[in-house]
Amino acid sequence: MKIRVGMGYDVHKLVEGRNLFLGGIKIDHTMGLLGHSDADVLIHAICDALLGAANMRDIGYHFPDTSADTLNVDSKILLRKVVELIATKGYRVGNIDATICAERPKINPHVPQMKACLAQVIGIDEDEISIKATTTEKLGFTGRQEGMSAYAVALIEKG
């Protein structure tokens, strides 16, 4: 069996007047993430990790923010397409380990629902997805609640 590992990172600005989507679910919050799509920072980091592991560039290459096709798109659709893209090279997702960096809202209560959602979209067991949350102790843009970031590592397998 051949295995490969990829790493992904994404960041989006927090703004008023947008819904907050993380890990494929809507989370009640006073602000949402700004982006061309729904700006799901966690899914975007996972997509980049998967694409990187398969040596298939990044999410912006496959789904540019200049495309009308991806304007306000649900990031779960992008993730499903990424899983299909890596499958064209014979890979399937082994596991994902991700971290969301945010001061507010508290992420931990939403982790089980995010894991269930992502597992369904990717087609793997929930136990193969780890989602953690941290703050930056009020430091930087995250600490000032100007944005959120996410990191993801993915293992993909072939044959």
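All of these numbers come straight from a predicted model, not from anything done at the bench.

What follows is about the packing of aromatic side chains. By convention here, two paired aromatic rings are described through the distance between centres and the angle between planes. What the rule picks out here adds up to one aromatic pair. Ring geometry for Tyr9 against Tyr151: centres 4.8 Å apart, planes inclined by 45°, an arrangement best described as tilted. On the criterion of sequence distance, the pair formed by Tyr9 in strand 1 (residues 2-15) and Tyr151 in strand 7 (residues 147-158) is long-range, its members being 142 residues apart.

Where strand 1 and strand 7 come together, 12 bridges link them in antiparallel fashion. By the bridge assignment for strand 7, Arg4 is matched with Ile156. Where strand 1 meets strand 4 (residues 32-33), two bridges bridge the pair, whose relative direction is antiparallel. Bridging from a neighbouring strand, Val15 pairs with Gly32 of strand 4.

This paragraph deals with the nonpolar core. Membership of the largest hydrophobic core comes to 50 residues, with the highest contact counts inside it found for Leu22, Leu42, Leu50, Leu79, Met114, Leu118 and Ile122. The set of elements that each furnish at least two residues to this core consists of strand 2 (20-22), strand 3 (25-27), helix 1 (41-53), helix 3 (75-87), strand 5 (91-101), helix 4 (111-122), strand 6 (129-134) and strand 7. Per element, the largest residue contribution to this core is 10 residues, and it comes from helix 1. Leave out the neighbours within four places in its chain, and Leu42 touches Leu22, Gly23, Ala98, Ile100, Met114, Leu118, Ile131 and Ala150.

Moving on: the sheet that holds strand 4. The strand order 4-1-7-5-6 describes an open sheet built from five strands, whose pairing is mixed. Bordering the open sheet on either side are strand 4 and strand 6, each of which pairs with just one other strand. Sheet strands in contact with helix 3 are strand 5 and strand 7, and its direction is about 140° off that of strand 5. Sheet contacts for helix 4: strand 5 and strand 6; angle to strand 6, the most-contacted strand, approximately 145°.

To continue, consider the state of the cysteines. Enumeration over the complete set of coordinates arrives at zero disulfides. Of all cysteine sulfurs in the structure, the one in Cys47 sits closest to Cys101, which takes part in no disulfide; the separation is 18 Å.

Mapping Ala150 onto the fold places it in strand 7. Sequence separation between Ala150 and Thr99 is 51 residues; the distance between their C-alpha atoms is 5.5 Å. When residues no more than four places from it in sequence are discounted, the contact partners of Ala150 are Gly8, Tyr9, Asp10, Val41, Leu42, Ala45, Thr99 and Ile100.

Quick look at helix 1 now. With 13 residues, helix 1 extends 18 Å from end C-alpha to end C-alpha; this agrees with the ideal 18 Å at 1.5 Å per step. Here helix 1 lies mainly inside the structure; 12 of its 13 residues are buried. Within helix 1, the full set of buried residues consists of Val41, Leu42, Ile43, His44, Ala45, Ile46, Cys47, Asp48, Ala49, Leu50, Leu51 and Ala53. After helix 1 finishes, the residue Asn55 shows a positive phi value of roughly 55°.

Cut-off values and rules
Residues numbered from 1 in each chain as written. Predicted model: local features only at pLDDT ≥ 70, side-chain atom pairs only at ≥ 80, totals over all residues. Heavy atoms only, no water. Phe/Tyr/Trp six-rings, centres within 6.5 Å; stacked < 30°, edge-to-face > 60°. Helix = DSSP H or I, 4+ residues; strand = E, 2+ residues; numbered from the N terminus. Pairing = 2+ DSSP bridges. Core = buried A, V, L, I, M, F, W, Y, C linked by side-chain atoms within 4.5 Å. Buried < 20%, exposed > 50% of the residue type's maximum accessible area, 1.4 Å probe, protein only. Contact = heavy atoms within 4.5 Å. Axes fitted to C-alpha atoms, helices over the stretch in contact; angles between N-to-C directions. Disulfide = S-S within 2.5 Å. Expected span 1.5 Å × (residues − 1).

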